[in-house]
Amino acid sequence: MTATRENKEALDVPDDTRLIETNRVNEKVQMEEGSSIIRRQTYGDAFILSSSQNGVLATDTLGASTRVTTTESIVNVNSVFREQFRDITFQDITQQNTADWDTSTGRLKMSSSSNHATVYNTIANFSSIALNDGTVATITLLADETKFGNDSIRYFLTADSGDTTYEEVFNNIEITLANTGIDMLARIIMVGNGGRDTFIENFRVMY
Amino acid sequence: MGTRYKRFYITGALSILGIFALIAPFIENYYDYEDVTCGTECWTTFCMKNSNKNLYFYNKQELPLTFDPVQSVHSVEFFKKDRRFKTGYRPIDFITPYTKNRLYVFKIPAYSVTCYGIKITKDSAATVKWTFAGLDPTFFGVSANLTFNLSALLDDPNNVSQNFAPNWSRVLDLVNFSDNFTQVIGNFSWNFTEFNISTATPVPWVYNFTNTGNTNFTLSALLNKTSTVVDVFIGNDTFRVNLSTTTFKDIVNITVNETKLFNVTIDLINISQEYDNWTLVKNTAEWGFNITFNVTLLPD
């Protein structure tokens, strides 16, 4: 963009102000569509007027409820789960997460520590990253890895949500799972002395 | 008329200054000495005239000669000029009998002029001024000019230990992380030993030493803390020097305008960790350390 301006303020001289001239710049903004999560919520014992089941006075609760929310499905565009580590939506807080899920930098780090004179064995657990989005049989995992020294990053996936059926998968290699399923979870283990200098970004799972 | 000799019986620590204090009343003058500029090893000579009686020294406790005050002096040796010796000087240690079948360890003959030499070792940069009566030589120190640069690629220039890259596949060999049970409960431990571990690539050389002074020197290094799990070495493709925490270990001589490159390597011995539910509960896998360097000037 360029701009020029001349302005003479003498009363007997006409104003010679020129308009700003602009050169238009083409900008391209890429957007990434995240996962769609569909949840179902029950009525519980919430009072609903005229309801034959939830309209019973002295039984159903006015202003409060025991409603239960369940995730019905998690659908990913083009069957690709994408995690930028900018939020913790898919971090499974019911499991151990000793790796540093750093939403400020968008990185899953081995540790938040900068100390390279010790060893870290850390883990990150994902909750369901694909649910009722078709049967998962083959997957390709992609992650932008940055590793200090001889650090190691290992990936494990399950398609049937079971703690006993995680299978090791490797970055950018298509794997046919031994146990197919409709509920996919991921787990990442990091070993080494890199601390915060070993991390992954832009984690994707294609299925 | 008094005796024609004087006996000195040394019963405690014997210092070079103490000797000259004892003989001061008998010495007419000192001469032929100069100030000396020297590194770690210093040598000076002087002459003195004894215009009095024979002076005999006895050292019953056979204690060695010392320098007092110690300052930066590590050792002192005393010599008497004597052409019968190859060096031109006869060592006088104040312990060995001066004359066979005699008990005295040193003699300054009466009515004579004799010349002596003193050799000391000291910190190379230290200046030692030694004054007594008319004798006051000064050993001027010389400073070393060493520049050494940590590679710009190092993560923390104050702590070399940050950059080592052990082979972590050894942990993976010991812990079966593919086992779902291990992943879930997070209980595991490992222990391994690895030798000659280099800094993480792409650091080609950790240290770059240049002698920018006008004196050749020996480079030495000291480790700052002991550890049962790490041995630290400095070297290159042809040698490795295992550093100590108690004494500076000589690494190499560097001549004027010469540059030498070195790497630091470590041995990790029986490092181990134990995890309970993915929480570290036992850890010997830590190897932080620092290295201090020293320069000792070499004689010309």
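Below, the structure is looked at part by part. The shown structure was predicted, so the numbers you read here are calculated from the model rather than taken from an experiment. (Residues numbered from 1 in each chain as written. Chains lettered and ligands numbered in written order. Predicted model: local features only at pLDDT ≥ 70, side-chain atom pairs only at ≥ 80, totals over all residues. Heavy atoms only, no water.)

With that settled, consider the overall build of chain A. Within chain A, the regular secondary structure consists of zero helices and 11 strands. Overall, chain A shows an N-to-C arrangement of helices and strands of β-β-β-β-β-β-β-β-β-β-β. Burial statistics for chain A: of 207 residues in total, 40% are counted as buried. Residue pairs in contact within chain A that sit at least 24 positions apart in sequence constitute 68% of those at least 6 positions apart. In the form shown here, chain A has an accessible surface area of approximately 11,800 Å², with 47% of it arising from carbon and sulfur atoms. (Helix = DSSP H or I, 4+ residues; strand = E, 2+ residues; numbered from the N terminus. Buried < 20%, exposed > 50% of the residue type's maximum accessible area, 1.4 Å probe, protein only. Contact = heavy atoms within 4.5 Å. Areas by Shrake-Rupley, 256 points an atom, 1.4 Å probe, with all protein chains shown as cover.)

To continue, consider helix α1 (residues 16–23) of chain B. Two residues of an α-helix separated by three or four positions point the same way, owing to the 3.6 residues in each turn. All names here are of chain B. Of the positions making up α1, those classed as buried are I16, L17, I19, F20 and I23. Projection of α1 onto a plane perpendicular to its axis shows the buried side chains occupying an angular sector of 155 degrees, all on one side. Between the side-chain oxygen of the N-cap and the backbone nitrogen of G18 there are 2.9 Å, and the N-cap of α1 in question is S15. (Arc of directions from axis to C-beta. Polar contact = N/O pair within 3.5 Å; in protein donor to acceptor, adjacent residues only side chain to side chain.)

We now examine the state of the cysteines. All names here are of chain B. Summed over the entire model, instances satisfying the criterion amount to one disulfide over all chains. Between the sulfur atoms of C47 and its disulfide partner C115 the distance amounts to 1.9 Å. Every disulfide takes its handedness from the sign of the S-S torsion; for C47 and C115 that torsion is 95 degrees, giving right-handed. You can see C47 sitting in strand β5 (residues 41–50) and its partner C115 sitting in strand β11 (residues 112–122), a full 68 residues away along the chain. C115 matches C47 in its accessibility class, with the two residues each being buried. (Disulfide = S-S within 2.5 Å.)

Turning our attention to the layout of surface pockets. Residue and element names in this part refer to chain A. Its boundaries defined by the atoms lining it, the largest pocket holds a volume of some 260 Å³. Taken together, 17 residues make up the lining of the largest pocket; nearest its centre are T71, I74, D92, S127 and S128. Classifying every residue of the lining of the largest pocket by side-chain character gives six nonpolar, seven polar and four charged. (1 Å grid on protein atoms, 1.4 Å probe; cavity = no way out; pocket = protein on both sides within 12 Å on 5 of 7 lines; lining within 4 Å. Points joined across faces, edges and corners; volume = space filled by probe spheres on them. Nonpolar A, V, L, I, M, F, W, Y, C, P; charged D, E, K, R; others polar.)

This paragraph deals with unusual backbone geometry. Most of the time, phi is negative for any residue but glycine, and the peptide bond is trans. Residues and elements named next belong to chain B. The phi torsion at N270 lies on the positive side, around 55 degrees, for a residue other than glycine. The residue N270 is located in strand β21 (residues 259–276) in this model. Here N270 falls in the partly exposed class, since its relative accessible area comes to 44%. The backbone of N277 sits at a positive phi, close to 55 degrees, despite the residue not being glycine.

On the side of chain A, 30 residues touch chain B, which itself brings 29 residues to the contact. With both sides pooled, the region where chain B packs onto chain A buries about 2,300 Å², and carbon together with sulfur makes up 53% of that total. At the boundary of chain B with chain A, the tally comes to zero salt bridges. One can count 15 residue pairs in polar contact (both at pLDDT 80 or more) joining chain B with chain A. Breaking the side of chain B that touches chain A down by element, the ones donating at least two residues are α2 (169–174), α3 (180–185), β15 (188–197), β21 and β22 (279–283) of chain B. No other element matches the three residues that α3(B) contributes to the side of chain B that touches chain A. Here the residues of the side of chain B that touches chain A are counted per class, giving 15 nonpolar, 12 polar and two charged. (Buried area = accessible area lost by both parts, 1.4 Å probe. Salt bridge = Lys/Arg side-chain N within 4 Å of Asp/Glu carboxyl O.)

Our focus in this paragraph is the side chain of T114(B). Residues and elements named next belong to chain B. Note that T114 resides in strand β11. With relative accessibility at 11%, the residue T114 sits in the buried group. Here the side chain of T114 touches Y116 through a polar contact of 2.7 Å, side chain to side chain. Discounting chain neighbours no more than four positions away, the residues touching T114 are F46, C47, M48, K80 and P109.

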